[in-house]
Amino acid sequence: MATAEDVRSIALSLPETAEKLAWGMPTFRVRNKIFASLSEDDASVGVKCPIGDRAELIEAEPEKFYIRSGHDDHYAWLRVRLAALESTAELRAILLDSWRQAAPRRLAEAHPETREELAG
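Residues numbered from 1 in each chain as written. Predicted model: local features only at pLDDT ≥ 70, side-chain atom pairs only at ≥ 80, totals over all residues. Heavy atoms only, no water.

So, the overall build of the chain
Looking only at helices and strands, the chain has five helices and six strands in total. In sequence order, the chain lays out its α and β elements as α-β-β-β-β-α-β-β-α-α-α. For 120 residues, the compact-globule estimate of 2.2 N^0.38 gives 14 Å, and the chain sits close to it at 13 Å. Each principal axis of the C-alpha atoms in the chain carries an extent, and together these give about 35 × 30 × 30 Å. (Helix = DSSP H or I, 4+ residues; strand = E, 2+ residues; numbered from the N terminus. Rg over C-alpha atoms; globule rule 2.2 N^0.38 Å.)

Section: the environment of His74
Structurally, His74 is set in the loop between strand S5 (65-66) and strand S6 (77-81). Along the backbone, His74 and Ile51 are 23 residues apart, and their C-alpha atoms lie at a distance of 7.8 Å.

Focus: the pattern of salt bridges
A complete count under the given rule lists six salt bridges for this structure. Residues Glu5 and Arg8 are paired through a salt bridge, measuring 2.8 Å at the closest nitrogen-oxygen approach. Taken together, the positions of Glu5 and Arg8, both in helix H1 (residues 4-13) and three residues apart, correspond to about one turn of that helix. Across the pair Glu19 and Arg8 runs a salt bridge, and its minimum N-O distance is 2.9 Å. In this pair, Glu19 is assigned in strand S1 (residues 17-22) and Arg8 in helix H1, connecting sequence segments eleven residues apart. Linked through salt bridges whose partners overlap, the residues forming this network are Glu5, Arg8 and Glu19. (Salt bridge = Lys/Arg side-chain N within 4 Å of Asp/Glu carboxyl O.)

Considerations on helix H3 (residues 88-102)
The terminal C-alpha atoms of H3 lie 21 Å apart, and with 15 residues this matches the ideal 21 Å at 1.5 Å per residue to within 8%. For H3, every residue scored as buried is listed here: Leu91, Ile94, Leu95, Leu96, Ser98, Trp99 and Ala102. Among the residues of H3, the N-terminal cap falls to Ser87, whose side-chain oxygen and the backbone nitrogen of Ala89 are separated by 3.3 Å. (Expected span 1.5 Å × (residues − 1). Buried < 20%, exposed > 50% of the residue type's maximum accessible area, 1.4 Å probe, protein only. Polar contact = N/O pair within 3.5 Å; in protein donor to acceptor, adjacent residues only side chain to side chain.)

Read these as spatial facts, not as claims about activity.
In structure tokens form, the structure reads like this:
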């Protein structure tokens, strides 16, 4: 099971990431673009996810992935229940994917280790 501290540790290990409090919750940003946000109760993390991919992920693993109907409907975000993750490696892959969606292309390309992790 992953924890909020795992989210914080992994997110802050990614290039040019900073933590900033917003809406009373910790958010993680790459060059001031949010790529992850912990929930108020630290039970889940919101991450960037193309709207077209969300339904498939939720259908495949509804115990792990969800959206808050009404609030998340029109945003490219997905929520992940930390208790449902199998490992911190799975959490790292999710956060890395979200980071890559928010990071400027040149920054992502300047850090080849982030490409290798996603591919491997």
